Amino acid sequence: KAGVTQTPRYLIKTRGQQVTLSCSPISGHRSVSWYQQTPGQGLQFLFEYFSETQRNKGNFPGRFSGRQFSNSRSEMNVSTLELGDSALYLCASSPPAAQDGYTFGSGTRLTVV
Amino acid sequence: QQQVKQSPQSLIVQKGGISIINCAYENTAFDYFPWYQQFPGKGPALLIAIRPDVSEKKEGRFTISFNKSAKQFSLHIMDSQPGDSATYFCAASGNFGNEKLTFGTGTRLTIIP
């Protein structure tokens, strides 16, 4: 079955711009989580959506936001980009029984210049 | 309280040897402990997971050992192969995996011939 699809794979943006990243979860998975991965901070939780509602939120500024659509696809938006936002952004989806594990996409590599 | 400490940061093991990666957690509410494997350019992939009601779980060459009283768990890779060379992350979650994953800082494992 198809995995978690993230688009685009790579992005280069300028400071101050905004960016939208997209994630299509595995069919049947209703929970979508976003993580930021950097060499310095590792994997940091951004937020989780379930049935179009934000269920959990990490400790990131309000510039980071997300949403989930009725088909479970999710988008993440970062406004007023800063150099420190350069990272690999990972999306993960999980089935109703979360113990079956999160499946991660390959990520979107965002570079802010 | 939410931290998961992982060691070592990097590990070099001879082919056929045993690779051991350790993690410790503080939050006693954690009740789901997965290990993820990440190859360059890919997202983390679930390797094996354990609940605190068992002290060991084995899947093929991969074993998790869990010590609830010490709040520690470890990953053992038996008969390590060059294809196992990757970065390994331990993680922890509450509510049987339904809460966000808190990740360790990662271990870069290199298997040499």
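Residues numbered from 1 in each chain as written. Chains lettered and ligands numbered in written order. Predicted model: local features only at pLDDT ≥ 70, side-chain atom pairs only at ≥ 80, totals over all residues. Heavy atoms only, no water.

Participant: What is the right way to look at the overall build of chain B in this model?
Facilitator: From N to C terminus, chain B includes 0 helices and 11 strands. Traced from its N-terminal end to its C-terminal end, chain B shows the element sequence β-β-β-β-β-β-β-β-β-β-β. Taking 13 Å as the expected radius of gyration for a compact globule of 113 residues, we find that chain B reaches 13 Å, a close match to that expectation. Once the C-alpha set of chain B is aligned to its principal axes, its extents read approximately 40 × 30 × 20 Å. Burial status across chain B gives 47% buried among its 113 residues. Expressed as a percentage of contacts within chain B between residues at least 6 apart in sequence, the contacts between residues at least 24 apart total 54%. Accessible surface computed for chain B: about 5400 Å², of which carbon and sulfur atoms make up 50%. (Helix = DSSP H or I, 4+ residues; strand = E, 2+ residues; numbered from the N terminus. Rg over C-alpha atoms; globule rule 2.2 N^0.38 Å. Buried < 20%, exposed > 50% of the residue type's maximum accessible area, 1.4 Å probe, protein only. Contact = heavy atoms within 4.5 Å. Areas by Shrake-Rupley, 256 points an atom, 1.4 Å probe, with all protein chains shown as cover.)

Participant: Hey, could you run me through the nonpolar core in this one?
Facilitator: Generally speaking, nonpolar side chains in soluble globular proteins are found buried as a group. All names here are of chain B. Grouped together as the largest cluster of nonpolar side chains are 24 residues, with contacts concentrated most on Phe33, Trp35, Phe73, Leu75 and Tyr88. Put simply, the parts of the chain that give this core at least two residues each are β2 (10-14), β3 (19-25), β4 (30-38), β5 (45-50), β7 (62-67), β8 (72-77), β9 (86-94) and β11 (107-112). Per-element accounting of this core gives the leading share, 4 residues, to β9. (Core = buried A, V, L, I, M, F, W, Y, C linked by side-chain atoms within 4.5 Å.)

Participant: Before we go on, may I ask you to explain the side chain of B:Thr63 in this structure?
Facilitator: Locating B:Thr63 in the fold gives a position in strand β7. With sequence-adjacent residues up to four places away left out, B:Thr63 is seen in contact with B:Glu56, B:Lys57, B:Lys58, B:Ser74, B:Leu75 and B:His76.

Participant: Explain the sheet that holds strand β3 (residues 19-24) of chain A here, please?
Facilitator: The strands that make up a sheet pair up through hydrogen bonds in the backbone, lying either parallel or antiparallel. All names here are of chain A. Pairing in this open sheet of 4 strands is antiparallel, and the strands run β1-β3-β8-β7 from one edge to the other. Where the open sheet ends on each side, the last strands, each with one partner, are β1 (5-7) and β7 (64-68). Along the sheet, successive strands turn relative to each other by an average axial angle of 20 degrees, direction set aside. The sheet contact formed by β3 and strand β8 (residues 74-78) spans 5 bridges and is antiparallel. (Pairing = 2+ DSSP bridges. Axes fitted to C-alpha atoms, helices over the stretch in contact; angles between N-to-C directions.)

Participant: Can you help me understand the sheet that holds β8(B) in this one?
Facilitator: Residue and element names in this part refer to chain B. The strand order across the open sheet built from 5 strands is β1-β3-β8-β7-β6, with neighbouring strands paired in antiparallel fashion. Edge positions in the sheet fall to β1 (4-7) and β6 (56-59), since each of these pairs with one other strand and no more. Strand-to-strand twist of the sheet, defined as the mean angle between neighbouring strand axes without regard to direction, takes the value 15 degrees. Looking at chain direction, β3 and β8 are connected through 6 bridges and run antiparallel. Bridged to Ala24 within β8 is Gln72.

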